[in-house]
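# Residue-level structural notes
Listed below, chain by chain, are the residues.
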Amino acid sequence: MTMKHVFHKGSNPELPTLLVLHGTGGTESDLIPLAEMVSPYSNILGVRGNVNEHGMSRFFRRLAEGVFDVEDLIFRTKELHEFLDEAAKTYEFDRSNVVAIGYSNGANIAGSLLFHYADSLKGAILHHPMVPLRDKELPDLSGVPVFIAAGKNDPMCAPQESEDLQQLLEGAGASVQLHWENHGHQLSRTEVVAAAAWFKQNIIS
Ligand code: MLT
């Protein structure tokens, strides 16, 4: 397989498989506890980004902080999309029932999956995402539920960026809940609790 990963089989195959995507410098295992909080009986697929930035794993290259290498982003988005097809066959999970949970760089590649493919994700929880790329016509995302957690004082992502992302996704038909925290770019327990409540209401009810 083309991407380093871990797969934990859940006890309820009806539930979505959770695709967990780390932030810059993370690993495939980082967000597993978080996924377990959101849906304890789901399959969990933790994936490591293939890009190495001075020893730190990422899901796509950037030219500077917050400035993405769009060509690489598109290439890596396809790589992850195809990896999911392959993983679904290997681990025998339902490819059409995958929900992403990503943080920062991992949220950005999850956002990019939504921006490029109508059928890659059934839904997504994006912690501190940015707009992955601009001036792109999005696929039809009708009915795709998306939870965005953002920080009002995030030095890496201005509030406008989170609002733009919400608007772009809603413009394609997605139903987006934007959750605000007062702090910065860090992942907080309160936003994970909010994401878990959102998941119960919007994904499995
Ligand atoms: C990125 O994708 O570069 C993020 O938004 C910031 C980070 O991961 O450090």
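Here we summarise the structure given alongside this text. It should be emphasised that the depicted structure is a prediction, and the values quoted were computed from it without experimental measurement.

Taken together, Thr24, Arg58, Phe60, Arg62, Phe68, Ser104, Asn105, Asn108, Met130 and Met156 make up the full set of residues near the ligand. The separation between an oxygen atom of the ligand and a polar side-chain atom of arginine 62 is 3.3 Å. Protein contact buries 95% of the 260 Å² of open area that the ligand shows by itself. A majority-of-atoms criterion places the ligand in the largest pocket. For the shell around the ligand, a count of residues per class yields four nonpolar, four polar and two charged.

Within strand 8 (residues 98-103), six of the six residues are buried, which leaves it mostly tucked inside the rest of the structure. Along strand 8, one buried face is formed by Val98, Ala100 and Gly102 and the opposite face, lined by Val99, Ile101 and Tyr103, is buried too. With five bridges joining them, strand 2 (residues 17-21) and strand 8 adopt parallel strand pairing. If you follow valine 20 over to strand 8, its bridge partner there is isoleucine 101. As defined by bridge partners, strand 8 adjoins strand 9 (residues 123-127) across five bridges and the pair is classed as parallel. By the bridge assignment for strand 9, glycine 102 is matched with leucine 126. Traced from strand 8 through helix 3 (residues 105-116) to strand 9, the parallel crossover comes out right-handed.

What counts and what doesn't
Residues numbered from 1 in each chain as written. Predicted model: local features only at pLDDT ≥ 70, side-chain atom pairs only at ≥ 80, totals over all residues. Heavy atoms only, no water. Near = heavy atom within 4 Å. Polar contact = N/O pair within 3.5 Å; in protein donor to acceptor, adjacent residues only side chain to side chain. Areas by Shrake-Rupley, 256 points an atom, 1.4 Å probe, with all protein chains shown as cover. 1 Å grid on protein atoms, 1.4 Å probe; cavity = no way out; pocket = protein on both sides within 12 Å on 5 of 7 lines; lining within 4 Å. Sits in = over half its atoms within 2 Å of the grid points. Nonpolar A, V, L, I, M, F, W, Y, C, P; charged D, E, K, R; others polar. Buried < 20%, exposed > 50% of the residue type's maximum accessible area, 1.4 Å probe, protein only. Helix = DSSP H or I, 4+ residues; strand = E, 2+ residues; numbered from the N terminus. Pairing = 2+ DSSP bridges. Right-handed = clockwise from strand over helix to strand, strands pointing away.

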